[in-house]
Amino acid sequence: MSSLALYRRYRPESFAEVIGQEHVTDPLQQALRNNRVNHAYLFSGPRGCGKTTSARILARCLNCEQGPTPTPCGECQSCRDLARNGPGSIDVIEIDAASHGGVDDARDLREKAFFGPASSRYKIYIIDEAHMVTPAGFNALLKVVEEPPEHLKFIFATTEPEKVIGTIRSRTHHYPFRLVPPGTLRDYLGEVCGKEDIPVEEGVLPLVVRAGAGSVRDSMSVMDQLLAGAGADGVTYAMATSLLGYTDSSLLDSVVEAFATGDGAAAFEVVDRVIEGGNDPRRFVADLLERLRDLVILAAVPDAAEKGLIDAPADVIERMKAQAGTFGAAELSRAADLVNEGLTEMRGAGSPRLQLELICARVLLPAAYGDERSVMARLDRIERGVNFSAGGTGAGMPGVGYVPGPEAHGGAPGQGFVEPGGGPAAARAAVRGPGPAPVPAPPAPPVPQVQQPPAPAPMPSEAPPAPSAPSAPGAWPTAAPAGGGRRPGGWPTAAPAGGTRPPAPAGAPAATPTPAPAAPQAAPVPAFSGGGGLDPRTLWPNILETVKNRRRFTWILLSQNAQVTGFDGTTLQVGFVNAGARDNFLSSGSEDVLRQALAEQFNVQWKIEAVVDPSGGGGGGGMAAPAPAMAPAGPPAGGRNGGYGGGGQRPSAPQASAPAAAPAQPASAPPPVSPEDDVPEDDDPDLDESALSGKDLLVRELGATVVEEVTND
């Protein structure tokens, strides 16, 4: 076996043998075929990627007896002299600019350059490490490089082309070399090992490629070292990891699994094994960061190994896939960020073990930090805990699409019902428990019943809600009657599940439904048919916030006077408390501001329809207004599908010839709150008396100007 270094024994002798530099070798070969060879070339790139080797191959191609040719014959005297183990040619001169880069060396080269070649076609100077030539030396070479004799060629090779002065660089053909891709380098090393007839385990070549960092010469040197120390069973993975200083994959698997399960004892045990085993903590953290990087890619691209994004043995890939499945995306990203930051801090640390233990503690304790990454990691852990349960949901937890029934949120035993609109006093009364029994409301005066002619199928004026039919998941709750909805911008009021009002107190007579004349029954209107799954009523606070950032006047107008009253998937109906607010909205350009805010925040193009709705969105109904009282009999004016109306049907309009309908019963007022509930408590918020109102508020918020002030005595 030859004692020659591996990278010298397998140095390429033609452009076809150069790997990973097709972007350079293909144009050079085509230039040789076309006989369009320049007088000077500049090869630049990282070390060990083939610059000097390509320069020798180019010289061999130029001086071949059959050349210039892209494929040297290998039989002529010039080809044999420039072969892999040849003696060299007197007409091809290699100069190491690191030791011969002064102005005197440049003058000596210039004097000898004008002599013709001894036995070849061209006299070729290969100047290696050209960036080491001094400015004075480059200036001495400038004239001969710019206008050389016909027989003279220059090839500069350097790792720092920016240090070559511009006047020289502009007179050359520049070919930048690159690092060799890992897959190409791994296949090439496998071929070399096959020619050396030494077995190598599967996981060794990725370690060698990683150690070489894309440099063919560095990778060949590492491989030569491993082959030199190989035993009867060849190069083993354990031998490679210990010799190259990499962390064993079992340690990485252990610490990653400890991070995934939150097992602090296992994580710190791995740290102890790393230190006691004599491993470098910084190398361990770097290898851990590399593993987390692979897990991030596997979590985003499950077939990353097939696409060449990850270079690892098949068994390691399978383990990493399982590990990526136990992490959440946010938790995995946070762990990688923390390890990366810790690696940066370890470079000047006096106690690497302490830094390593702190890194593990930060990864294991997302609850100790309040930043966004930690919160997302905690959410990932919660979601993974749910997903690990049988059936995909936690034990006793509702699944997706769960809609609670009326009895799901019942009050605690002995706890009184909080009437809607009761405010803080009623809320405190509900928390403390039942107070004195409310005074029952006086019975409503009897309403004279109007005798109606018998009808074949009398229908009640309002269809009673079906208590047994559950609401569809995601549907709007049944709208409250007019006057019972909350005012625009007000606090939501408590209401029993199902959207119905609480039963009347004991002693109050039950209202008797008044029969109405028979009318054709309309098809039931669905409660909601959203567009794209967006819920405008739920998103209304976010919409107002976006509008506030665009135009404050529109925000004030909408937040104080408007509420969503209907939505059919393409048209958003906004109800205003009076006609003046609606006309102000339409005439001030606020409609365009709202439409732009919807497009910016939610990427939707909805039509805006402004209507007058004194109930503030509480009244049901569809997108269209109800029919007038004197309209001819027909189907109810339900409007478009998808309004916010309740599940029941709207009553039909009476005919003109029908007798006058019974007077509407007044809406029952909520029972009064007991006096002790109105007594202020110690925990009540203080009234902010410094808030602006009236004229000052208009001047500050809307930029108003006082024209005239009238005093009313």
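Just above, that's the structure.
Residues numbered from 1 in each chain as written. Predicted model: local features only at pLDDT ≥ 70, side-chain atom pairs only at ≥ 80, totals over all residues. Heavy atoms only, no water.

**A closer look at the overall build of the protein chain**
Scanning the protein chain for helices and strands turns up 24 helices and 10 strands. Long-range pairs, those at least 24 residues apart, make up 72% of the contacts in the protein chain with a sequence separation of at least 6. Within the structure as shown, the protein chain displays about 40000 Å² of accessible surface, and the carbon and sulfur contribution to it stands at 55%. (Helix = DSSP H or I, 4+ residues; strand = E, 2+ residues; numbered from the N terminus. Contact = heavy atoms within 4.5 Å. Areas by Shrake-Rupley, 256 points an atom, 1.4 Å probe, with all protein chains shown as cover.)

**Considerations on the nonpolar core**
Soluble globular proteins tend to pack their nonpolar side chains together in the buried interior. Counting residues in each nonpolar core, the largest one holds 38 residues, and the members touching the most others are Phe259, Phe284, Val285, Leu288, Leu292, Leu295 and Val339. Within the residue set of this core, elements represented by two or more residues are helix H12 (249–261), helix H13 (264–276), helix H14 (281–300), helix H15 (314–326), helix H16 (329–345) and helix H17 (352–364). If one sorts the elements of this core by residue count, H14 sits on top with eight residues. Look past the residues within four positions of Val339 in its chain and what remains in contact with it is Val285, Leu288, Leu289, Leu292, Ile359 and Val363. One finds Leu185, Val204, Val209 and Met239 within the second-largest nonpolar core, a separate group that totals 25 residues. (Core = buried A, V, L, I, M, F, W, Y, C linked by side-chain atoms within 4.5 Å. Buried < 20%, exposed > 50% of the residue type's maximum accessible area, 1.4 Å probe, protein only.)

**What to know about the sheet that holds strand E4 (residues 152–158)**
Reading across the sheet, the five strands line up as E2-E3-E4-E1-E5 and stay open at both edges, with parallel pairing between neighbours. In this open sheet, the two edge strands, each paired with only one partner strand, are strand E2 (92–96) and strand E5 (173–176). For this sheet the average axis-to-axis angle between neighbouring strands, irrespective of direction, equals 15 degrees. Pairing analysis gives five bridges linking strand E1 (residues 40–44) to E4, with the strands arranged parallel. By the bridge assignment, Phe43 is partnered in E4 with Ala157. Here helix H5 (residues 103–113) sits on the sheet and contacts E2, strand E3 (123–128) and E4; the angle it forms with E3, its principal contact strand, is near 165 degrees. (Pairing = 2+ DSSP bridges. Axes fitted to C-alpha atoms, helices over the stretch in contact; angles between N-to-C directions.)

**With respect to unusual backbone geometry**
The residue Asn35 is not glycine, and still its phi comes out positive at about 55 degrees. Here Asn35 is to be found in the loop between helix H2 (22–34) and E1.

**Some thoughts on the side chain of Thr247**
Looking at the secondary structure, you find Thr247 in the loop between helix H11 (237–244) and H12. Judged by relative accessible area, Thr247 falls into the buried class, the value being 7%. Within the local environment of Thr247, its side chain forms a polar contact with the side chain of Asp287, the two groups lying 2.7 Å apart. Those residues in contact with Thr247, other than ones at most four positions away along the chain, are Tyr237, Leu252, Arg283, Phe284 and Asp287. (Polar contact = N/O pair within 3.5 Å; in protein donor to acceptor, adjacent residues only side chain to side chain.)

**Examining the packing of aromatic side chains**
Given two aromatic rings, their pairing is described by the distance between the two centres and the angle made by the two planes. The tally for this structure, following the rule as stated, stands at eight aromatic pairs. Here the aromatic rings of Tyr125 and Phe154 are separated by 5.8 Å at their centres, their planes lie at 20 degrees, and the arrangement is stacked. With Tyr125 in strand E3 and Phe154 in strand E4, this pair connects stretches of sequence that are 29 residues apart. Relative accessible area serves as the criterion here: at 4%, Tyr125 is assigned to the buried category. (Phe/Tyr/Trp six-rings, centres within 6.5 Å; stacked < 30°, edge-to-face > 60°.)

**Here's the deal with H2**
With 13 residues, H2 ought to run about 18 Å at 1.5 Å a step, and its terminal C-alpha atoms sit 18 Å apart, in line with that. Here H2 has its buried residues at Val24, Thr25, Leu28, Gln29, Ala31 and Leu32. For H2, the buried positions fall inside an angular range of 160 degrees around the axis, keeping them on one side. In this structure, the buried side of H2 is in contact with E1, helix H3 (51–63) and E5. Asn35, located one to two residues past H2, shows a positive phi value of around 55 degrees. (Expected span 1.5 Å × (residues − 1). Arc of directions from axis to C-beta.)

**So, the pairing of E1**
The element E1 is extensively covered by neighbouring structure, given that five of its five residues are classed as buried. Because side chains alternate across E1, one face comprises the buried residues Ala40, Leu42 and Ser44, and the other comprises Tyr41 and Phe43, equally buried.

**So, the environment of Ser221**
Tracing the chain through its elements places Ser221 in helix H10 (residues 216–228). Residue classification places Ser221 among the partly exposed residues on the basis of a relative accessible area of 34%.

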